Amino acid sequence: MQKLVAEIMAAWRRAERLANQLEQGTPEHDAAQRACNRLRDAYQELTHSGVASAISAAEARLLLAD
């Protein structure tokens, strides 16, 4: 389950970086922002429900390196 949390966190961070690079108000920016929100919600649902533990970015990188 922790690997899933790591994958969601990595995707969330990529979506945030993309949203920051895109011009606000464009369809692309809006889509990237929606992805950020959904990925954040998925991460929080898993970690706040007790199904999985919250992890740091460093821990996520280690899990994804396997």
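For the structure, check the block above.
Residues numbered from 1 in each chain as written. Predicted model: local features only at pLDDT ≥ 70, side-chain atom pairs only at ≥ 80, totals over all residues. Heavy atoms only, no water.

### Regarding the packing of helix H1 (residues 2-21) against helix H2 (residues 27-48)
When two helices pack together, their arrangement is given by the angle between the helix axes and by the axis-to-axis distance. Following both chains from N to C, one finds H1 and H2 inclined at 155°, their axes separated by 8 Å at the closest point. Classified by the interaxial angle, the pair formed by H1 and H2 is roughly antiparallel. You can see that H1 and H2 cross each other, and the crossing is left-handed. For the pair H1 and H2, contact is made by Leu-4, Val-5, Ile-8, Met-9, Ala-11, Trp-12, Ala-15, Glu-16, Leu-18 and Ala-19 and by His-29, Ala-32, Gln-33, Ala-35, Cys-36, Leu-39, Arg-40, Ala-42, Tyr-43, Leu-46 and Thr-47, respectively. (Axes fitted to C-alpha atoms, helices over the stretch in contact; angles between N-to-C directions. Helix = DSSP H or I, 4+ residues; strand = E, 2+ residues; numbered from the N terminus. Parallel < 35°, antiparallel > 145°, perpendicular 65-115°, else oblique. Left-handed = near helix turned anticlockwise from the far one by under 90°. Contact = heavy atoms within 4.5 Å.)

### Considerations on the nonpolar core
A general feature of soluble globular proteins is that nonpolar side chains tend to end up buried together. Formed by 14 residues in total, the largest nonpolar core has its most connected members in Val-5, Met-9, Cys-36, Tyr-43, Ile-55 and Ala-60. Where this core is concerned, the elements lending two or more residues are H1 and H2. Setting aside chain neighbours within four positions, we find Met-9 in contact with Tyr-43, Ile-55, Ser-56, Ala-57 and Ala-60. (Core = buried A, V, L, I, M, F, W, Y, C linked by side-chain atoms within 4.5 Å. Buried < 20%, exposed > 50% of the residue type's maximum accessible area, 1.4 Å probe, protein only.)

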